[in-house]
Amino acid sequence: MTDLDLRPRRLRLTPAIRRMVRETTLSPADFIYPLFVRHGTGVRQPISSMPGQYQLSPDTAAALAKEAHGLGIPAVILFGIPDHKDHCGTENYSPDGIVPQAIRAIKDAAPEMVVISDMCFCEYTDHGHCGLLNTPGADHYDPNQPADYLLNDATLDLLAKASTVHAQAGADMIAPSGMMDGMVAAIRTALDRAGQANVSVMSYAVKYASGFYGPFRDAAESPPQFGDRAQYQMDPANVREALKEAALDVAQGADVLMVKPALPYLDVLRAVRDSFNLPTAAYQVSGEYAMLHAAGQNGWIDLRRCALESLTSIKRAGADMILTYFALDAARWLLEG
Ligand code: PBG
């Protein structure tokens, strides 16, 4: 018997030792910065539920993307807010739609920036659902209609069409976020046929029907006008189903998998990371951002410390990249040291 005195605190004694044994380090290269774009010039319209975030026009989005690039952030993801919405989201596949305009402006200003296009119809449809309804013109849920009110396969055709348009405008990646069955295969096939084989697909493979998207729906002006998204987004209670969704997207040719939201779903993120050999992204969503800001503004938490702690936890749980509204601030904080 020896008299072992087990003291893990030895390795926490000084900042230098702590740095030596640190298992997870954040860097600006981990971040993907979401931008909301709308028509106009010089637009920088604050989003009240997301302090520090703005609706931007292509020119101001390009300036911000350039700034992000300067801080070492490799990618932005774009969400479009059209001037005009209709039942089939026409502007999403218009070559001169808001997102293609923003892609071109960003590529002009910061050619090396990876530009990801969020691919969904909820911002473009007047009913606010993520695809075509089988009851065109419906403004409420009609219990006499078939229970499945979204047309899956007809929506795939439109996703394929819009993805091709965004790729032709210069997007590097298409990120389908509508949780339609078969969306990755439909987009991959369309991109290949259009000669866009080098454009990759980052799939929102595992996206939950989450209350944490609330502020985003203000920002993107995209709340469903009736019903909810529970028929296409996942039940927060399920993790085996997450692995099934991810497996289907891998089989359909996804290049990157995403789990969303992030912090409430770290177990899911870890399971996806361990089950598939694809780069894995996590989306720290609008509600996660808004909560940290709200508590910070009240002086109840230290915003910078808690934001960096959340991001570190998301990376520790397996994220290779993090979509976060904190990207610019966190990059600055990390560079300040
Ligand atoms: C579009 C989309 C949403 C988000 C990203 N893409 C909203 C939704 O599904 O309702 C949420 C992002 C966030 O909350 O930050 N389908």
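Bear in mind that the values here come from a model prediction, so they are computed numbers and not experimental data.

This paragraph deals with the overall build of the protein. Counting its regular elements, the protein contains eleven helices and twelve strands. With respect to the three principal axes, the spread of C-alpha positions in the protein is 75 × 45 × 45 Å. By residue count, 55% of the 337 residues in the protein fall in the buried class. Restricting to contacts in the protein with at least 6 residues of sequence separation, those with at least 24 account for 74%. Of the roughly 15,100 Å² that the protein leaves accessible, carbon and sulfur atoms contribute 52%. Measuring between centres, the 29 positive side-chain charges of the protein sit 10 Å from its 39 negative side-chain charges.

Turning our eyes to something else, we now look at the site of the ligand. Every one of the 18 residues lining the ligand counts as a neighbour, but Lys207, Arg217, Lys260, Ser286 and Tyr325 are closest to it. A distance of 2.7 Å separates an oxygen atom of the ligand from a polar side-chain atom of Lys207. Here an oxygen atom of the ligand and a side-chain polar atom of Gln233 are 2.8 Å apart. Relative to its unbound accessible area of 400 Å², the ligand is 100% covered by the protein chains. For the shell around the ligand, the per-class residue count stands at nine nonpolar, three polar and six charged.

This part covers the packing of helix α9 (residues 286–297) against helix α10 (residues 303–316). Following both chains from N to C, one finds α9 and α10 inclined at 155°, their axes separated by 9 Å at the closest point. On the basis of their axis angle, the class for α9 and α10 is roughly antiparallel. The chirality of how α9 crosses α10 is right-handed. Where α9 abuts α10, its residues Leu292, His293 and Gly296 lie against Leu303, Cys306, Ala307 and Ser310. Residue composition of the contact of α9 with α10, by class: four nonpolar, three polar and no charged.

Membership of the largest hydrophobic core comes to 114 residues, with the highest contact counts inside it found for Phe36, Met202 and Val206. If we ignore the near neighbours within four places in the chain, the residues touching Met202 are Ile32, Ile116, Met173, Ile174, Ala175, Pro176, Val256, Met258, Ala281 and Met321.

Most of strand β1 (residues 31–38) sits out of view: eight of its eight residues are buried. The alternating pattern of β1 places Phe31, Tyr33, Leu35 and Val37 and Ile32, Pro34, Phe36 and Arg38 on opposite faces, both of which are buried. As paired elements, β1 and strand β12 (residues 321–324) share two bridges and run parallel to each other. Counterpart to Phe31 in the pairing with β12 is Ile322. Pairing between β1 and strand β4 (residues 75–81): seven bridges, direction parallel. Note that in β4 the partner of Leu35 across the bridge is Leu78. Sheet topology note: the β1/strand β3 (residues 54–56) ladder contains two bridges and is parallel. Note on β3: the bridge partner recorded for Phe36 is Gln55.

With that settled, the discussion passes to helix α5 (residues 183–193). Among all positions in α5, only Met183, Val184, Ala186, Ile187, Arg188, Ala190 and Leu191 are buried. At its buried positions, α5 is contacted by β5 (114–119), α4 (152–168), β8 (173–176), β9 (200–207) and α7 (240–251). Where α5 terminates, the next one or two residues include Gly195, which has phi positive at roughly 75°.

So, on to α4. An ideal rise of 1.5 Å per residue puts 24 Å on 17 residues; α4 measures up with 24 Å between its terminal C-alpha atoms. Burial of α4 is extensive: twelve of the 17 residues sit out of reach of the surface. Along α4, the positions that sit buried rather than exposed are Asn152, Thr155, Leu156, Leu158, Leu159, Ala160, Ala162, Ser163, Thr164, Val165, His166 and Ala167. Among the structural elements, α3 (98–109), β5, β6 (132–133), β7 (150–151), β8 and α5 are those in contact with the buried residues of α4. A positive backbone phi angle near 120° is found at Gly170, which sits one or two residues after α4.

So, how was this worked out
Residues numbered from 1 in each chain as written. Predicted model: local features only at pLDDT ≥ 70, side-chain atom pairs only at ≥ 80, totals over all residues. Heavy atoms only, no water. Helix = DSSP H or I, 4+ residues; strand = E, 2+ residues; numbered from the N terminus. Buried < 20%, exposed > 50% of the residue type's maximum accessible area, 1.4 Å probe, protein only. Contact = heavy atoms within 4.5 Å. Areas by Shrake-Rupley, 256 points an atom, 1.4 Å probe, with all protein chains shown as cover. Lys, Arg positive; Asp, Glu negative; His and termini not counted. Charge placed at Lys NZ, Arg CZ, Asp CG, Glu CD. Near = heavy atom within 4 Å. Polar contact = N/O pair within 3.5 Å; in protein donor to acceptor, adjacent residues only side chain to side chain. Nonpolar A, V, L, I, M, F, W, Y, C, P; charged D, E, K, R; others polar. Axes fitted to C-alpha atoms, helices over the stretch in contact; angles between N-to-C directions. Parallel < 35°, antiparallel > 145°, perpendicular 65-115°, else oblique. Left-handed = near helix turned anticlockwise from the far one by under 90°. Core = buried A, V, L, I, M, F, W, Y, C linked by side-chain atoms within 4.5 Å. Pairing = 2+ DSSP bridges. Expected span 1.5 Å × (residues − 1).

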